[in-house]
Amino acid sequence: MKEYAFGIDLGGTTAKVGLFTTSGQLVEKWEVPTDTSEQGLRILPNLAAAVQAKMQEKGLTSDQVEGVGIGVPGPVQESSVVPIVCANLGGWGQQDVAANLSALLGGIRVMVGNDANVAALGEIWMGAAKGCRSAVMVTLGTGVGGGVIVNGKVIDGAHGAGGEIGHITVNPHETATCGCGKHGCLEQYSSATGVVRCMKLLLEANPDQPCVLRGRDFAAKDVFDAARAGDALAAREVDEMANVLGLALATIAATADPEVFLVGGGVARAGEVLFKPLAEHYKTYAFKSCRETPIKQASLGNDAGIYGAVRLIVGA
Ligand SMILES: [Zn+2]
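Residues numbered from 1 in each chain as written. Predicted model: local features only at pLDDT ≥ 70, side-chain atom pairs only at ≥ 80, totals over all residues. Heavy atoms only, no water.

Draft legend 1. A look at the pattern of salt bridges. Under the counting rule described, the total for this entry stands at 13 salt bridges. Where K54 meets E28, a salt bridge forms, and the shortest distance between an N and an O atom there is 2.7 Å. With K54 in helix α2 (residues 43-58) and E28 in strand β3 (residues 26-33), this residue pair connects regions lying 26 residues apart in the sequence. Between D225 and K221 there is a salt bridge, with its nearest N and O atoms 2.8 Å apart. Of the two residues, D225 and K221 are both situated in helix α7 (residues 220-228); the distance of four residues between them amounts to about one turn of the helix. Salt bridges sharing common partners tie together E28, K54, E57 and K58. (Salt bridge = Lys/Arg side-chain N within 4 Å of Asp/Glu carboxyl O. Helix = DSSP H or I, 4+ residues; strand = E, 2+ residues; numbered from the N terminus.)

In structure tokens, the structure reads:
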């Protein structure tokens with residue numbers, strides 16, 4: 001094993017890049033703007049240039065670099081190919097990212113993974129699930145992402161849809177449409193956007209009930225803050241959100257039965273006001289033998305992706 005590896009978390013506006021030792025110590029991290037013009041033509045050349053500039057700055061030769069791992073916001077096949085166009089990367093995709101980035105880096109080994117799966121891999125390697133062989137992570141942000149790790153390996157599935165936890169149907173009676181085109185997906189209730197949407201519906205449906213959020217422009221964080229402060233209608237929304245999330249996790253438990261569930265993303269920062277009802281609802285839906293599976297907050301925050309990307313390279 002060589003001494004160093006790079007981890008990249010490619011996002012729509014910036015790519016986070018980390019230089020690590022192969023034992024998982026973060027040496028340095030920085031960000032590179034993602035240039036999505038011309039169908040993202042410059043994305044890989046810019047990343048290659050950033051890696052090469054850092055190698056030069058640190059006096060590293062390719063003999064000292066084990067490889068480059070990269071998490072991308074789309075499905076990935078064979079740890080290499082992005083088969084479809086990624087909507088938030090200006091039409092980038094449909095290419096063998098591993099082969100193309102490797103060629104730009106003079107043959108340095110490259111491994112590719114879906115960003116949510118890669119974040120889960122980071123948490124199981126160096127984060128809140130450290131030491132576990134299996135974990136399921138759900139990331140609650142603008143959308144809901146997921147990563148499923150069994151025996152140290154990402155389950156990406158036959159179509160790259162393994163871990164698409166946000167699109168588990170939790171309400172077959174929903175009439176509003178999810179970003180994916182379906183109705184009643186977890187993401188419609190448990191993402192930051194979903195919490196705000198559902199809170200607005202609750203306010204409309206209960207015009208006579210006082211609520212500190214009424215008549216205000218609010219974010220998901222405000223809903224949790226209000227619930228924590230004792231606002232009954234906000235507390236009801238948090239409970240309903242925790243209920244569908246608990247239902248989804250219990251469904252996953254009956255399929256993958258992980259050692260631990262991790263919840264990450266901005267919404268997870270709500271803390272106990274979310275985790276307490278979530279654990280209670282989870283228990284009511286979970287099959288007996290996995291009823292006590294812990295549900296923890298992810299611990300690597302925005303760095304989970306770069307840690308996991310390096311884990312792709314250094315192996316389980
Ligand atoms: Zn959906």
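The structure having been displayed, the exposition proceeds.
Draft legend 2. Focus on unusual backbone geometry. Here the phi dihedral of Q39 falls at roughly 55°; this positive angle occurs in a residue that is not glycine. Q39 sits in the exposed class, given a relative accessible area of 56%. (Buried < 20%, exposed > 50% of the residue type's maximum accessible area, 1.4 Å probe, protein only.)

Draft legend 3. Fine view of the domain arrangement of the protein chain. Split by domain assignment, the protein chain resolves into domain 1 (4-122 + 303-314) and domain 2 (132-298). One C-alpha centre belongs to domain 1, the other to domain 2, and the line joining them spans 29 Å. At the interface, seven residues of domain 1 touch 11 residues of domain 2. Summed over both sides, the interface between domain 1 and domain 2 buries roughly 770 Å², with carbon and sulfur atoms accounting for 60% of that surface. Its largest share of buried area at the contact with domain 2, domain 1 owes to N117, A120 and L121, together 54% of the area lost on that side. Our count for the contact surface shared by domain 1 and domain 2 stands at zero salt bridges. One can count zero residue pairs in polar contact (both at pLDDT 80 or more) joining domain 1 with domain 2. When the residues that make up the side of domain 1 that touches domain 2 are grouped by side-chain class, the tally is six nonpolar, one polar and no charged. (Domains from an automatic or database assignment. Contact = heavy atoms within 4.5 Å. Buried area = accessible area lost by both parts, 1.4 Å probe. Polar contact = N/O pair within 3.5 Å; in protein donor to acceptor, adjacent residues only side chain to side chain. Nonpolar A, V, L, I, M, F, W, Y, C, P; charged D, E, K, R; others polar.)

Draft legend 4. Layout of helix α6 (residues 192-205). The first and last C-alpha atoms of α6 sit 20 Å apart over 14 residues, in line with the 20 Å expected at 1.5 Å per residue. Considering only its buried residues, α6 is in contact with α5 (187-190), α7 and α8 (232-256). (Expected span 1.5 Å × (residues − 1).)

Draft legend 5. Spatial organisation of the coordination of the zinc ion. Bound to the zinc ion are the protein donor atoms H167 (ND1), C178 (SG), C180 (SG) and C185 (SG), situated 2.0 to 2.3 Å from the metal. Mapped onto the polypeptide sequence, the residues donating to the zinc ion form the spacing pattern H-x10-C-x1-C-x4-C. One end of the pair, H167, is in the loop between β10 (153-154) and α5; the other, C185, is in the loop between β10 and α5, and 18 residues separate them in sequence. Taking relative accessible area as the criterion, H167 reaches 22% and is therefore assigned partly exposed. (Donors = N, O, S within 2.8 Å, 3.2 Å for Na, K, Ca; no water.)

Draft legend 6. Summary view of the layout of surface pockets. Here the second largest pocket is characterised by a volume of approximately 290 Å³. Among the secondary structure elements, those contributing two or more residues to the lining of the second largest pocket are β7 (110-114), α4 (115-126), β10 and α10 (304-314). The element best represented in the lining of the second largest pocket is β7, accounting for four residues. For the lining of the second largest pocket, a count of residues per class yields eight nonpolar, six polar and three charged. (1 Å grid on protein atoms, 1.4 Å probe; cavity = no way out; pocket = protein on both sides within 12 Å on 5 of 7 lines; lining within 4 Å. Points joined across faces, edges and corners; volume = space filled by probe spheres on them.)

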